[in-house]
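Observations on chain architecture
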Amino acid sequence: MRRLENILLWNLMAAVIILGQARPNMKLNSQSSNGLRSDCAGNLMRLSLDKALAVGNQLEVEAINGTQHIVLTPSLAAQCGYSMESDPWGNTRIYTSLMACYVDNKEDQTFNVGLRLKMHSPSDVVNHDVTQKCSYAQWASREVLCDRNYMEVSNYMATRDPQTETKDDNSQINVIPDASSGAAHGIWKMTFYTPEPVSMVLSEAEQAGYSAMMTSSRLVVRSPYNTADTYSEDVAGIPMEVLRVSAYYKAPHGLSVVNLAAACPTGGVLFTEDVISWHVPRHMAPLMEGSFTILEMHMGINGLRLGKSQMATGGYTLSTTDFHIVIEIPVGSPNGYYKSHAPDYQYHITYTVEPMLEVLWKADNAQDKTRYKVLFPITTPLMPRPPHAQDNTVPEERVFSVYLGTLLHDVELSNITFSTGVLTVEECNARGFPVQEHSFPNGSKSFFLQVPFDADVVLKHNPEALVTVYFLPLIFGLIVLPEETPFAHPVELQASLRDVVLPTLTGTCDQNNFYIRTKYGNQGKNFETLIGAQQLTPELAKSYDFQANSTHGTIVVPYNARDTVFELITSDSVRARLDVLLFHPNNNWVLADLYLACSFPLITTNCYPNGTMTALAVKVESVPNLIPSWLTLKDQSCKPVSSDDRFAYFSFSADSCGTTRTFFDHYMVYENEIGLYHNDDKGATYTSPIDPDYKQTISCYYVVNETQTVAFSYKPRSIHPTAEISSGQLMVQMRLAEDSSYEFFYQAEDYPVVKTLRQPLYFEVELMQSTDPQLELILENCWATLHEDRTSLPSWDVIVDSCENHDDRYVTIFHPVAKDSRISVPSHVKRFSLKMFTFTIEEEVLKDEIYVHCDAVICDTNSQADGACRGQCVHPTGTSNSRPQWTKSEQRSTDSHQRQISSGPILPSNF
């Protein structure tokens, strides 16, 4: 059992003084007022002080004795019959025995108790006077009270026959001491048995901490626990604190003596996870002899008895065995309270409850009754309750959601430690990691945290090429109030999503190069590139004109680069292939691959009129171990004139090196063969059985009978030759660029292209397959429609007569074109931009696709022709020939110098 050394002088941590604006002294009766309640509980007066009055202030209690105010120190409180119990939040109960010092006792029937509560704040002192009148007439012959800090016993003092008074003729017991020896109190001497007798007069007993007094009908003795003259005794297995004393007092016919005894339990509590069992000896040996009968037995909480219905509601039981009276209390009963603790930074809880036992018994051989009352606060041992973390994350929502609970109301969340550092709750909310606290009706609470997957505190890795694992390590930093004891609880959250967008490869060819374009996925450039058989190093990237931005990268690889392979060779071309591989460097995952094969013009055989033949041999992929310098013609003495690791060059006359000649019709054919031969020991040639055959046939055709005459004139020409006028097709294309750099363009598979309103659209119109610098491309008219049909309605002009449409709020902008590696003739290219828009009908927005169409004119810059060939935008500023929004486009000319082009569809978004 807990015994309090400091009872009535408490430093209670309170928030405010509620009565700070009240009168300095306020008297309260049994009615509740402003957080103070007083009531009578049998032979006790109980005063309850709400935490709202207390916490943060120092509480001092004084006993009111008429006009005097006596400060109740802990030792004086235990000596005089006062006790106090307080929970950690400042809720306080003060108990006063009706037989206590300074209580106005009216014939042992009516008792007036007065207390002054002094609240000391840093800046003020507020007094609260409490008076309570209690009536108690059910005194038993003997009353034993066991409070938290003292034992009290009182006996009824009946008027005695002088002949029955106890006398000792061999001592000075009948001598009445003078006032200085305590005669004025009616008590002369007290003898304590521990068990050896120790005698002392009243003043000495009071100096030793005891209290004794006589009322109109009772003699009262009180002792704090653990004094020199009390002792411990094991009764039915229960440890008891025992007081035995004989009190000598003045009687009408001499000196009388009364033997008193008190015994209070200091143990006997058993705990399970769900129930507290309190055992009190049924046969109180220090207080009784022989057989007895229990007349009444009551259980109470906080000093007040409970009725049967209250006990049933609370789940309490009161029973007896052969040796014990047993009270069972459910752990968590609403009449007690839970408290958080954090020993060794681990979360534990305790449960505290204050049961009371009151028993009335009568000895079978006597009529005297004994009332036995015990107030016994019980606190369970520390019970570990590690918080439970519940992962409520739905990966598809891409937000971690974690619930931490359940915790008692005295726990606060102080901070959270992430992988990047520690954030307070306020900082978490400011960073977009909302923290919420949820309270439950039973007083417990929990915390709820959300963190987006893309936050910098979330760790990521990819166990598979298409899967991302998101990992969020957390440490919740919590504190227990009011002690501010810290503890922590780690939580690890993990979620997986198949959300990786892999990079993609596309490629095209022209007559000389491979053009490879890489579009990065959502992991950025977290890969390495393999070109052919070697990794794309910074040096190699520079040689291949590597260009990149945040979303794309491009390289240009010549067809004859070392990293290409030749698949097939013909007399006028070679089919080359470029292998590109994107792989993850740590896991060696193949993220994307491209095997691009194109045919490139390459003349491998030349036949000259003088009978000379030349041939170019190429190492092809099917003969990987070929060394070109080993190649020969049919005559193995005819070796390459020059060679490297990929090519061998032969030059020979038609009548040498084993060349054969064949006649048919009017032609003669000279043929030879390039091959790889090996000689055996006898000089015979054969092809290696290990390597595949390599054979390349060389053929030259000559007309059998043909005479060619070459004329020569020594006179200068009088006229210059001119090109013959002829007809042909000129190709014009219009493309939509991804941005204003005009480096990357949307491909056919990208359409429809989605753009937000007022987002710029960058168009490029180019004259293809022409290198004539005297030609210029002019945009005559451009307009937008809802349908692919360029003549459909509605339509809207964006370029009119080679100029911007000034009726448009967002005027079309022309962009200059400069010569670069792609554009050799700037006059063949025109660029313009306009802002994404939609059509409206009667203020209703049409969320349809749009198409952009243009009429382009190809002009001779040396011509002085009028009309569109005057140049791009020849109108003065501020003039416009635009058509109304809903008119049909004018019919455009289809002369040979005019071309019609379109682009789309383009789809608006984010209305």
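If you're wondering where the values come from, they're calculated on a predicted model, not measured in any experiment.

**Here's the deal with the pattern of salt bridges**
- Going through the model one piece at a time under the given rule, you end up with 30 salt bridges.
- The shortest N-O distance in the salt bridge between arginine 517 and glutamate 738 comes to 2.4 Å. Here arginine 517, found in strand E43 (residues 513-519), pairs with glutamate 738, found in the loop between strand E60 (731-737) and strand E61 (753-756); they are 221 residues apart in sequence, far enough to count as distant.
- Put simply, Glu85, Arg93, Asp147, Arg148 and Glu354 are held in one network by salt bridges that share partners.

**As for the packing of aromatic side chains**
- In this structure the tally under the stated criterion is 23 aromatic pairs.
- Centroid distance tyrosine 338 to tyrosine 351: 5.2 Å. Interplanar angle 55 degrees. Geometry classified as tilted. Taken together, the positions of tyrosine 338 in strand E27 (residues 337-341) and tyrosine 351 in strand E28 (residues 348-353) put the pair 13 residues apart, joining distant regions of the chain.
- Accessibility expressed as a relative area gives 27% for tyrosine 338, which makes it partly exposed.
- Since its relative accessible area comes to 0%, tyrosine 351 is described here as buried.
- Arranged with centres 6.0 Å apart and planes meeting at 40 degrees, the rings of tryptophan 361 and tyrosine 372 form a pair that is tilted. Separated by 11 residues along the polypeptide, tryptophan 361 in strand E29 (residues 355-363) and tyrosine 372 in strand E30 (residues 369-375) bring together distant segments of the chain.
- A relative accessible area of 1% means that tyrosine 372 is categorised as buried.
- By the ring-pair criterion, three or more aromatic residues cluster together here, those being Phe111, Tyr136 and Trp139.

**Concerning the state of the cysteines**
- Throughout the structure, instances matching the rule amount to six disulfides.
- Two residues, cysteine 638 and cysteine 657, share a disulfide whose sulfurs are 1.9 Å apart. Sign of the S-S torsion, about -85 degrees for the bond between cysteine 638 and cysteine 657, identifies this disulfide as left-handed. With a gap of 19 residues between them, cysteine 638 in the loop between strand E52 (612-618) and strand E53 (642-643) and cysteine 657 in the loop between strand E54 (647-653) and strand E55 (660-664) connect regions that are remote in the sequence. Both residues of the pair, cysteine 638 and cysteine 657, belong to the buried class.

**A look at the pairing of E29**
- A large share of E29 lies buried, amounting to nine of its nine residues.
- Residues Pro355, Leu357, Val359, Trp361 and Ala363 line one face of E29 and the alternating positions Met356, Glu358, Leu360 and Lys362 line the opposite face, and both faces are buried.
- Bridge count for strand E23 (residues 292-301) against E29 is nine bridges, and the pairing is antiparallel. Considered in E29, the bridge of isoleucine 294 is made with tryptophan 361.
- As paired strands, E29 and E30 are joined by seven bridges and run antiparallel to one another. If you follow glutamate 358 over to E30, its bridge partner there is lysine 373.
- Taking the residues that link successive antiparallel strands as the turn, the E29-E30 hairpin has five residues.

**Overview of the pairing of strand E18 (residues 231-235)**
- Where E18 and strand E19 (residues 238-251) come together, five bridges link them in antiparallel fashion. For glutamate 233, the partnering residue across the bridge sits in E19 and is methionine 240.
- Here E18 hands over to E19 after two residues, with alanine 236 in that stretch at a positive phi of 55 degrees.

**Looking at the confidence of the model for the protein chain**
- In the predicted model, the protein chain carries a mean pLDDT of 84, and 85% of its residues have values of at least 70.
- Note on residues 708-715: pLDDT under 50 across the span, and zero contacts to partners over four residues away in sequence or across chains.
- Across residues 876-896, confidence stays below pLDDT 50; counting only partners more than four residues off in sequence or on other chains, it has 45 contacts.

**Notes on the nonpolar core**
- Tyr372, Phe418, Val451, Leu474 and Phe476 are the most contacted members of the largest nonpolar core, which totals 93 residues.
- Residue contributions to this core peak at eight residues, all from E19.
- Filtering out sequence-adjacent residues up to four positions away, phenylalanine 476 remains in contact with Val402, Leu404, Leu413, Asn415, Ile416, Leu449, Phe487, Ala488, His489 and Val491.

**Quick word on the sheet that holds strand E47 (residues 552-558)**
- Spatially, four strands are ordered E42-E43-E47-E46 in an open sheet, and the strand pairing comes out antiparallel. Each edge of the open sheet carries a strand with a single partner, namely strand E42 (504-509) and strand E46 (547-548).

**Section: the environment of glutamate 780**
- Its location among the elements puts glutamate 780 in strand E63 (residues 775-785).
- Accessibility expressed as a relative area gives 19% for glutamate 780, which makes it buried.
- C-alpha separation for the pair glutamate 780 and cysteine 873, spaced 93 residues apart in sequence, amounts to 8.8 Å.

**Here's the deal with the sheet that holds strand E56 (residues 667-675)**
- Taken together, three strands build an open sheet; the order of strands is E55-E56-E59 and the sheet is antiparallel. Since the sheet does not close on itself, it has two edges, and those belong to E55 and strand E59 (695-703), each with one partner. Averaged over neighbouring strand pairs, the angle between their axes works out to 25 degrees when direction is ignored.

**Here's the deal with the environment of glutamate 358**
- With respect to the helices and strands, the residue glutamate 358 is situated in strand E29.
- Overall, glutamate 358 belongs to the buried group, its relative accessible area being 6%.
- Separated by 54 residues in sequence, glutamate 358 and leucine 304 have C-alpha atoms that sit 10.0 Å apart.
- In terms of polar contacts, glutamate 358 uses its side chain to reach the side chain of arginine 305, at 2.7 Å.

Calculation criteria
- Residues numbered from 1 in each chain as written.
- Predicted model: local features only at pLDDT ≥ 70, side-chain atom pairs only at ≥ 80, totals over all residues.
- Heavy atoms only, no water.
- Salt bridge = Lys/Arg side-chain N within 4 Å of Asp/Glu carboxyl O.
- Helix = DSSP H or I, 4+ residues; strand = E, 2+ residues; numbered from the N terminus.
- Phe/Tyr/Trp six-rings, centres within 6.5 Å; stacked < 30°, edge-to-face > 60°.
- Buried < 20%, exposed > 50% of the residue type's maximum accessible area, 1.4 Å probe, protein only.
- Disulfide = S-S within 2.5 Å.
- Pairing = 2+ DSSP bridges.
- pLDDT = per-residue confidence, 0-100.
- Contact = heavy atoms within 4.5 Å.
- Core = buried A, V, L, I, M, F, W, Y, C linked by side-chain atoms within 4.5 Å.
- Axes fitted to C-alpha atoms, helices over the stretch in contact; angles between N-to-C directions.
- Polar contact = N/O pair within 3.5 Å; in protein donor to acceptor, adjacent residues only side chain to side chain.

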